[in-house]
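Architecture at a glance
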Amino acid sequence: MAPDLAPRRRSNLIASVTAVHTGPRKMQSHLARHFLRKRLLAAVIGIACAAPLAAAPLHLPPVTNPSNQEHHVGKLIFFELVTPDLATAKQFYAGLFGWTFRDIQADGIQYVEASLNGRPVAGMVHKDLAPGQQLQPLWLNFIAVRDVDDVEKTALQHGAKVLFEPHSIPDRGREAVLADPQGAVFAVLASSSGDPPDVLPAPGVWIWSSLQTTDADTDAAFYQALFGYEVFDASSEAGIQHLMLASEDYARASANTLPPKRTNPHPHWLNYVRVDDVVKSTEKLVALGGSVLVAPRIDRHGGKVAVVADPSGAPFGMLEWSEADSNEVKK
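A quick note: this is a predicted structure, and the numbers were derived from the prediction, not measured.

1. Topic: helix H5 (residues 278-287)
- Listed in full, the buried residues belonging to H5 are Val278, Ser281, Thr282 and Leu285. Mapping the buried residues of H5 onto a view down its axis gives an arc of 100°, with all of them on the same face. Exposed side of H5, more than 90 degrees from the buried face: Lys280, Glu283 and Ala287 are the residues found there.
- Capping the start of H5 is the job of one residue whose side-chain oxygen sits 3.0 Å from the backbone nitrogen of Val279: Asp277.
- The positive-phi residue at the C-terminal boundary of H5 is Gly289, with phi of around 105°.

2. Re the packing of aromatic side chains
- Counted under the stated rule, the structure contains 18 aromatic pairs.
- Judged by centre distance (5.4 Å) and plane angle (90°), the ring pair of Tyr223 and Trp269 falls under edge-to-face. On the criterion of sequence distance, the pair formed by Tyr223 in helix H4 (residues 216-227) and Trp269 in strand S13 (residues 268-274) is long-range, its members being 46 residues apart. For the residue pair Tyr223 and Trp269, the accessibility class agrees, reading buried in each case.
- Through pairs of rings, three or more aromatic residues link up here, namely Phe79, Phe92, Tyr93, Phe97, Trp99, Trp139, Trp206 and Phe316.
- A cation sits over an aromatic face here: Arg172 above Phe78, 4.5 Å from the ring centre.

3. Structural notes on the sheet that holds strand S7 (residues 173-179)
- Taking strand neighbours across the sheet as the criterion, the eight strands line up as S2-S3-S4-S1-S5-S8-S7-S6 in an open arrangement whose pairing is mixed. Strands with a single pairing partner mark the edges of an open sheet, and in this sheet they are strand S2 (100-106) and strand S6 (161-169). Averaged over all adjacent pairs, the angle separating strand axes in this sheet is 25°, with direction ignored.
- Summarising the sheet, S7 and strand S8 (residues 185-191) pair through seven bridges and their orientation is antiparallel. When the bridges of S8 are listed, Ala179 appears paired with Val185.
- Each of S6, S7 and S8 touches helix H3 (residues 148-157); the most contacted strand, S6, lies at about 175° to it.

4. Structural notes on the sheet that holds strand S12 (residues 250-257)
- Ordered in space as S10-S11-S12-S9-S13-S16-S15-S14, the eight strands form an open sheet in which the pairing is mixed. If you trace the sheet from one side to the other, it starts and ends with strand S10 (230-233) and strand S14 (291-298), each paired once. When strand polarity is set aside, the average angle formed by the axes of neighbouring strands in this sheet is 25°.
- Bridge count between S13 and strand S16 (residues 315-319): three bridges; the pairing is parallel. By the bridge assignment for S16, Val273 is matched with Met318.
- The sheet contacts of helix H2 (residues 86-97) involve S13, strand S15 (304-309) and S16, and relative to S16 the element is tilted by about 10°.

What counts and how
Residues numbered from 1 in each chain as written. Predicted model: local features only at pLDDT ≥ 70, side-chain atom pairs only at ≥ 80, totals over all residues. Heavy atoms only, no water. Buried < 20%, exposed > 50% of the residue type's maximum accessible area, 1.4 Å probe, protein only. Helix = DSSP H or I, 4+ residues; strand = E, 2+ residues; numbered from the N terminus. Arc of directions from axis to C-beta. Polar contact = N/O pair within 3.5 Å; in protein donor to acceptor, adjacent residues only side chain to side chain. Phe/Tyr/Trp six-rings, centres within 6.5 Å; stacked < 30°, edge-to-face > 60°. Lys NZ or Arg CZ within 6 Å of the ring centre and 35° of its normal. Pairing = 2+ DSSP bridges. Axes fitted to C-alpha atoms, helices over the stretch in contact; angles between N-to-C directions. Contact = heavy atoms within 4.5 Å.

Right, here's the structure in full:
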């Protein structure tokens with residue numbers, strides 16, 4: 001697993017480099033309560049539902065502060081937690097990663113900006129679960145684009161579904177929520193403040209995203225059509241595909257075949273935070289009320305990795321990454 005660095009679920013969505021061949025394998029391949037509620041429902045249950053318009057807009061924090069002129073199409077640039085318990089989430093992530101928080105509220109919408117050392121690292125949104133709902137919280141990732149509307153058209157042409165149509169958001173930019181042809185939910189964002197630079201994320205910051213899917217080839221071709229990725233086959237296990245998605249000579253994410261013995265598999269994105277020590281971080285996570293889904297183990301690239309969940313059940317990963325490592329793609 002290689003991080004995004006430089007000389008670097010709808011009801012059942014949540015189920016929980018270097019190329020290894022001679023070269024790259026290219027595949028054929030306004031904001032008010034109405035907006036935010038629809039986006040959250042799109043992310044959690046895969047549909048957009050109606051809600052009354054509210055008078056007061058909610059201004060979300062910019063992706064980068066201070067702003068810049070950088071744009072890295074295909075880079076994972078922001079992450080948002082949809083959760084029924086913001087207070088517990090803040091306590092948990094502060095204890096685990098040292099994040100600090102700023103509460104933002106407009107017309108009943110509760111949003112939290114999470115930062116590390118003064119820089120934005122994530123957003124958190126409160127979403128109540130109705131009695132009897134079998135839904136879990138999730139982390140939604142945002143992939144950088146220059147034109148959200150063009151990406152939406154391309155995605156539809158390649159079999160995607162639009163869960164929430166493109167909307168411009170004060171201070172944030174323009175975004176949309178989509179589901180790929182296999183059903184994995186993701187968001188695209190044209191940031192009005194620029195994209196985070198390609199530098200090694202500090203411990204406590206998002207470093208990698210992995211697509212778990214039933215058809216890695218087809219999904220990789222889909223994302224290539226949207227973001228212009230080069231696709232590298234880094235598979236090492238028989239029958240298990242591990243495809244690296246790269247842009248600007250850096251690996252951005254991977255598309256991986258779901259384990260064959262998994263019951264009722266559902267394609268999904270899993271996002272990872274960089275930590276200094278996965279074992280110690282996992283022990284701290286458990287002490288803070290989190291749970292371990294996949295115990296710490298050695299990753300294919302030599303570091304340790306674990307898949308975990310916060311106290312409300314939102315899954316994410318933790319990954320070690322050496323300062324000496326790089327994800328520049330060797331051609």
